[in-house]
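Read off the chains here:
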Amino acid sequence: MKRLFPAPLLSLSLWALWLLLNLSLSAGNLILGALLGFLAPIMFAPLRPLPARIGRPGVALKLFFLVGRDVLISNLAVAWGVLRAGHRPPRSTFVKVPLDLHDAHGLAALAMICTVVPGTVWSELALDRSVLLMHVFDLDDEARFIEHFKSTYERPLMEIFQ
Amino acid sequence: MNSLHVLPFWVEVLTAVLLVSSSLFALIGALGLLRMKDFFQRMHSPALASTIGAWCVALASIVYFSVLKEGPVLHAWLIPILLAITVPVTTLLLARTGLFRKRMAGDGDVPPEVSEGRHEGK
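For clarity, every value in this text was computed on a predicted model and none was experimentally measured. (Residues numbered from 1 in each chain as written. Chains lettered and ligands numbered in written order. Predicted model: local features only at pLDDT ≥ 70, side-chain atom pairs only at ≥ 80, totals over all residues.)

Regarding the overall build of chain A
For step 1, the next point in the chain: Of the regular secondary structure elements, chain A holds 5 helices and 3 strands.
For step 2, the next point in the chain: When the helices and strands of chain A are placed in sequence order, the string is α-α-α-β-α-β-β-α.
For step 3, the next point in the chain: For the C-alpha atoms alone, the extent of chain A along its principal axes is close to 60 × 35 × 30 Å.
For step 4, the next point in the chain: In chain A, the proportion of contacts linking residues at least 24 apart, taken out of those at least 6 apart, comes to 69%. (Helix = DSSP H or I, 4+ residues; strand = E, 2+ residues; numbered from the N terminus. Contact = placed C-beta atoms within 7 Å.)

Take a look at the structure:
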């Protein structure tokens, strides 16, 4: 069983995703989705040798909504910044953030969050994963920004992935 | 009678507001692409279209079709979720390439490598 389905959760979600995208429970779609769920983890196995351990679903759910809220807020901030860029140019700069999170999957999730939220772009990770370089669209207070970034995103991710 | 005409007024207003705000955000994103001065600043504004722009369209579709079909039609949320997974891949590639090229060109605007002195046995 373990060899047939190396990532049962991934297989199941791919199957559900396929059925949802097609909005149908017909036999053909059930089989196609199951095939996708069965083959994808096997085909991707050479790409990601580290199995992810995900715990604390409550923390993950809270993080999901926090990110949603931050995306909304920073969307408005970036839109506003663009609209009055002629009047007051945004204070764009690179920021170095010291990292405590070292898990590869956690860092991947952090990169995703950081890039999805407008106004911040993940630019570089030090080889030893101790420092992150990111570009910020409009930086007000560097210390406060780093504190917000670490407490809102990094700490929950450390709980989820470690 | 067309099925469009039996929808309650508030649904039509809500859908219209969501669609118009989505396109407004996409427009501001494009404007940012045009007006920003350097490469890294320009990386931020397209995110408006891929986040709140896509969210508003998905929400509009959910509201409209849920009322039309008289039951929750939620699968449009998959679009923002898939976008959130795939967009960072290209954004990250662009950011890395931009940094690499600017460093190669000796451009003083970008900070040096953060790995400096942190590898090769140190």
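Considerations on the environment of methionine 36 of chain B
For step 1, the next point in the chain: Secondary-structure assignment places methionine 36 of chain B in the loop between helix 1 (9-35) and helix 2 (39-42).
For step 2, the next point in the chain: Assessed through the 21 C-beta atoms surrounding it within 10 Å, methionine 36 of chain B is described here as buried.
For step 3, the next point in the chain: Beyond its immediate stretch of four places on either side in the chain, methionine 36 of chain B contacts Ala85 of chain A together with Gln41, Arg42 and Ser45 of chain B. (Buried ≥ 20, exposed ≤ 12 C-beta atoms within 10 Å, placed from the backbone.)

Topic: the sheet that holds strand 1 (residues 93-98) of chain A
For step 1, the next point in the chain: Ordered in space as 1-3-2 (chain A), the 3 strands form an open sheet in which the pairing is antiparallel. Each end of this open sheet is capped by a strand with a single partner; those strands are strand 1 and strand 2 (120-125) of chain A. Between one strand and the next, the sheet's axes are offset by a mean angle of 30°, whatever the strand orientation.
For step 2, the next point in the chain: Sheet topology note: the strand 1 of chain A/strand 3 (residues 131-136) of chain A ladder contains 6 bridges and is antiparallel. Within strand 3 of chain A, the residue paired with valine 95 of chain A across the bridge is methionine 134 of chain A.
For step 3, the next point in the chain: The strands that helix 5 (residues 142-161) of chain A touches are strand 1 and strand 3 of chain A; relative to strand 1 of chain A, the one it contacts most, it runs at about 50°.
For step 4, the next point in the chain: Packed on one face of the sheet, helix 4 (residues 78-104) of chain B meets strand 2 and strand 3 of chain A and runs near 60° to strand 2 of chain A. (Pairing = 2+ DSSP bridges. Axes fitted to C-alpha atoms, helices over the stretch in contact; angles between N-to-C directions.)

Description of the interface of chain B and chain A
For step 1, the next point in the chain: Between chain B and chain A, the residue contacts involve 30 residues of the former and 34 residues of the latter.
For step 2, the next point in the chain: Going through the elements one at a time, helix 1, helix 2, helix 3 (46-68) and helix 4 of chain B are the ones with two or more residues in the side of chain B that touches chain A.
For step 3, the next point in the chain: Among the elements that make up the side of chain B that touches chain A, the one with the highest residue count is helix 4 of chain B (9 residues).
For step 4, the next point in the chain: Split into classes, the residues belonging to the side of chain B that touches chain A amount to 19 nonpolar, 9 polar and 2 charged. (Nonpolar A, V, L, I, M, F, W, Y, C, P; charged D, E, K, R; others polar.)

Let's talk about the nonpolar core
For step 1, the next point in the chain: Of all hydrophobic cores here, the largest spans 48 residues; its most connected members are Leu110, Ile113, Met134 and Leu157 of chain A together with Leu48 of chain B.
For step 2, the next point in the chain: If you list the elements that add at least two residues to this core, you get helix 3 (57-83), helix 4 (104-116), strand 2, strand 3 and helix 5 of chain A together with helix 1, helix 3 and helix 4 of chain B.
For step 3, the next point in the chain: Apart from the residues lying within four places of it in its own chain, the contact partners of methionine 134 of chain A are Val95, Val97, Cys114, Thr120, Val121, Trp122 and Ser123 of chain A. (Core = buried A, V, L, I, M, F, W, Y, C linked by C-beta atoms within 7 Å.)

A short note on the environment of arginine 155 of chain A
For step 1, the next point in the chain: Inspection of the secondary structure puts arginine 155 of chain A in helix 5.
For step 2, the next point in the chain: Taking the number of C-beta atoms within 10 Å as the measure of exposure, arginine 155 of chain A has 14 and is therefore partly exposed.

A closer look at helix 3 of chain B
Residue and element names in this part refer to chain B.
For step 1, the next point in the chain: With 23 residues, helix 3 extends 32 Å from end C-alpha to end C-alpha; this agrees with the ideal 33 Å at 1.5 Å per step.
For step 2, the next point in the chain: Of all bends in helix 3, the biggest is about 30°, found at glycine 53.
For step 3, the next point in the chain: Glutamate 70 occupies a position one or two residues after helix 3 and carries a positive phi of about 55°. (Expected span 1.5 Å × (residues − 1). Bend = angle between axes of the 7 residues up to and from the residue.)

Re the environment of leucine 47 of chain A
All names here are of chain A.
For step 1, the next point in the chain: Here leucine 47 lies in the loop between helix 2 (27-44) and helix 3.
For step 2, the next point in the chain: Using a count of 6 C-beta atoms within 10 Å as the deciding quantity, one classes leucine 47 as exposed.
For step 3, the next point in the chain: Each C-alpha atom of the pair leucine 47 and glycine 58 lies 29 Å from the other, and the pair is 11 residues apart in sequence.

Quick notes on unusual backbone geometry
For step 1, the next point in the chain: You will see that arginine 56 of chain A, though not glycine, has its phi angle at about 55°, which is positive.
For step 2, the next point in the chain: Taking the number of C-beta atoms within 10 Å as the measure of exposure, arginine 56 of chain A has 14 and is therefore partly exposed.
For step 3, the next point in the chain: A positive phi angle is found at glutamate 70 of chain B, which is not glycine, with a value near 55°.
For step 4, the next point in the chain: Inspection of the secondary structure puts glutamate 70 of chain B in the loop between helix 3 and helix 4.
For step 5, the next point in the chain: According to the C-beta neighbour criterion, glutamate 70 of chain B is exposed, with 8 such atoms within 10 Å.

Coordinates in, geometry out; function isn't part of it.
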